[in-house]
Amino acid sequence: MTITTPIRPLPATPPVAPPPRRRRAATGSGATRTLFSEVEISRGKGRVLYWVALTLVFLLFLAIFIFPLYWMFSSAVKTPEEYAQPNPTLIPHSFVPETYQLAWDRMRIAKFFANTAFYALGGWLIQLVFQVAVAYALSKLRPIFGKVVLGAMLASLMLPATALLIPAYLTVTDVPIFGWNLLNTPWALWLPAVANAFNIYVLKRFFDQIPNDLLDSAALDGAGRFRVLWSIVLPLSRPVLGVVSIFSIVAIWKDFIWPLLVLQDPETQTLSVALSRLASTSQVPPTQLMAGLAIASVPMIVVFLIFQRSIIGGLAAGSMKG
């Protein structure tokens, strides 16, 4: 006869609560590192040092960036006699705002302003088309010698811009294979501007962050390479396209040396080149010249003030994955 002993169930053990998470210290890896920590700023001495450092940086910024603009705009409203004084006046004693109107009419700023705007907009469109195509090919199409081409473009960034002036000028005066002379034409500004390795690299880095699975799924649905670029890549790349667009327009607008070399006809010159030529060849008062320079700088200042967040956000978007 076999006697079976009933098996008693083991008593249930109470659930063990997870250990409480420790709060990260202010100086831990998750905290933002700054010149002054929050603990130092909260103290009396640290707070004083913080505001002293902030004030010094702010004044240095004003001296380097803001003061030249103030000097240019304020000098334009002075009289020529006050402008020529050996001891310059920081605050104008005279106020002649008509100088801007005289500079606009006498120096034909409207004509050269339109030339510069035409060059900037045309160069922006051509750069955007070719640079997007090159960056897309290097990022997603992966040609055989793609890394070699990318390395050669990045190596060109190590060269000073003045070292490329003579080869670029010889190329523009006699285009290889075709033998065209592009002097005094917009193409003398547009074609060299396309070969901007920095813009191509920024676009490529952003295109690298776009998942290939998204492009492969579009290809399975029958989308070709161009359709994938137009319908998927470009809509996702609006932030970086805005940054490259601003860089392209500003670069053409503010350039001086290259337009001075390739635009020798006075009727085709940009605003910066025309102002320099008029200041050296005609009896233009220095106050009117300062007024012309101030007018030429207004569009780029407005562009920066409007799109400064887009510039920072677009550059940061290309450096983050996702």
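Residues numbered from 1 in each chain as written. Predicted model: local features only at pLDDT ≥ 70, side-chain atom pairs only at ≥ 80, totals over all residues. Heavy atoms only, no water.

S.K.: Explanation requested: unusual backbone geometry in the structure shown.
M.R.: What you tend to see is this: most non-glycine residues have negative phi, and most peptide bonds are trans. Even without being glycine, Arg108 reaches a positive phi, approximately 55°. Given a relative accessible area of 39%, Arg108 falls into the partly exposed group. The phi angle at Arg142 is positive, at roughly 55°, despite the residue not being glycine. Counting through the fold element by element, Arg142 comes out in the loop between α5 (109–141) and α6 (146–156). (Buried < 20%, exposed > 50% of the residue type's maximum accessible area, 1.4 Å probe, protein only. Helix = DSSP H or I, 4+ residues; strand = E, 2+ residues; numbered from the N terminus.)

S.K.: Help me out: how do you make sense of a nonpolar patch on the surface in this one?
M.R.: Taken together, the side chains of Val298, Val302, Phe304, Leu305, Ile306 and Phe307 make up a nonpolar region of the molecular surface, amounting to roughly 550 Å² of accessible area. Of note, Val302 is situated in helix α15 (residues 286–317). Overall, the relative accessible area of 39% leaves Val302 in the partly exposed class. (Patch = residues over 30% accessible without salt bridge, like charges linked within 9 Å, V, L, I, M, F, W, Y side chains within 5 Å. Areas by Shrake-Rupley, 256 points an atom, 1.4 Å probe, with all protein chains shown as cover. Salt bridge = Lys/Arg side-chain N within 4 Å of Asp/Glu carboxyl O.)

S.K.: Would you take a moment to explain the side chain of Ser297 for this structure?
M.R.: Here Ser297 shows up in helix α15. The exposure class of Ser297 is buried, given its relative accessible area of 18%. The contacts of Ser297, once residues within four sequence positions are left out, are Met72 and Phe73. (Contact = heavy atoms within 4.5 Å.)

S.K.: Honestly, the confidence of the model for the protein chain in this entry has me stumped. Any pointers?
M.R.: Do not read the fine detail of predicted coordinates wherever pLDDT is low. A residue-level look at the protein chain finds 82% of positions with pLDDT of 70 or above and a mean pLDDT of 82. Contacts from residues 23–30, a stretch scored under 50 in pLDDT, to residues over four places away or in other chains number 5 contacts. (pLDDT = per-residue confidence, 0-100.)

S.K.: Where do I start with helix α8 (residues 187–194) in this structure?
M.R.: For an α-helix the count is 3.6 residues per turn, leaving residues at separations of three or four pointing the same way. Of the residues making up α8, those classed as buried are Ala188, Leu189, Trp190, Ala193 and Val194. Considering only its buried residues, α8 is in contact with α5, α7 (165–173), α9 (197–208) and α13 (257–262).

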